[in-house]
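# Examining the three-dimensional arrangement
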Amino acid sequence: MKTPCIAACKNNAGICSGCHRTMGEILHWSKMDDDAHSQVMDKLSGETSTHACPECGSNTFCDIAAGKETCWCFEVEEREITETFDACLCRRCLEKKPAV
Ligand SMILES: [Zn+2]
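For the structure given in this document, a descriptive report is provided here. (Residues numbered from 1 in each chain as written. Predicted model: local features only at pLDDT ≥ 70, side-chain atom pairs only at ≥ 80, totals over all residues. Heavy atoms only, no water.)

## Here's the deal with the side chain of Glu95
With respect to the helices and strands, the residue Glu95 is situated in helix H3 (residues 91–96). Buried charged residue Glu95 carries no salt bridge. Nearest counter-charge: Arg79, at 5.4 Å. There is a polar contact of 2.6 Å between the side chain of Glu95 and the side chain of Asn12. The residues contacting Glu95, other than those within four sequence positions of it, are Asn12, Ile15, Cys16, Ser17, His20 and Arg79. (Helix = DSSP H or I, 4+ residues; strand = E, 2+ residues; numbered from the N terminus. Buried < 20%, exposed > 50% of the residue type's maximum accessible area, 1.4 Å probe, protein only. Lys, Arg positive; Asp, Glu negative; His and termini not counted. Salt bridge = Lys/Arg side-chain N within 4 Å of Asp/Glu carboxyl O. Polar contact = N/O pair within 3.5 Å; in protein donor to acceptor, adjacent residues only side chain to side chain. Contact = heavy atoms within 4.5 Å.)

## With respect to the coordination of the zinc ion
Only Cys53 (SG), Cys56 (SG), Cys90 (SG) and Cys93 (SG) from the protein reach the zinc ion as donors, at distances of 2.2 to 2.3 Å. Coordination at the zinc ion is tetrahedral: its 4 donor atoms span angles of 105 to 116° at the metal. Summarised as a motif, the one-chain spacing of the donors to the zinc ion is C-x2-C-x33-C-x2-C. Cys93 carries the same exposure label as Cys90, and that label is buried. (Donors = N, O, S within 2.8 Å, 3.2 Å for Na, K, Ca; no water. Tetrahedral: all angles 85-135°; square planar, octahedral: opposite > 155°, others 65-115°.)

What is shown is where atoms sit, not what they do.
Structure (structure tokens):
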């Protein structure tokens, strides 16, 4: 089974600091099929993206921007973000922010 896990998994207030999956994605991983795995992995790598992260400029994926009603970031504990961004941060940047 494919996995983005780099064996450095640590739950950092709702998101893994190693592979940047949400806890929900990690929890459901074994129940997802190959297609679903590829979709998540493409989003993690920026292969599939909706916009560039306003902080680091890397490609990132927002489920809301893609037409869904919820986003992966809803699962992540609220972060303390002092700057105002006009788009969602990528998983890496969001993970680094301190939880509120
Ligand atoms: Zn970023």
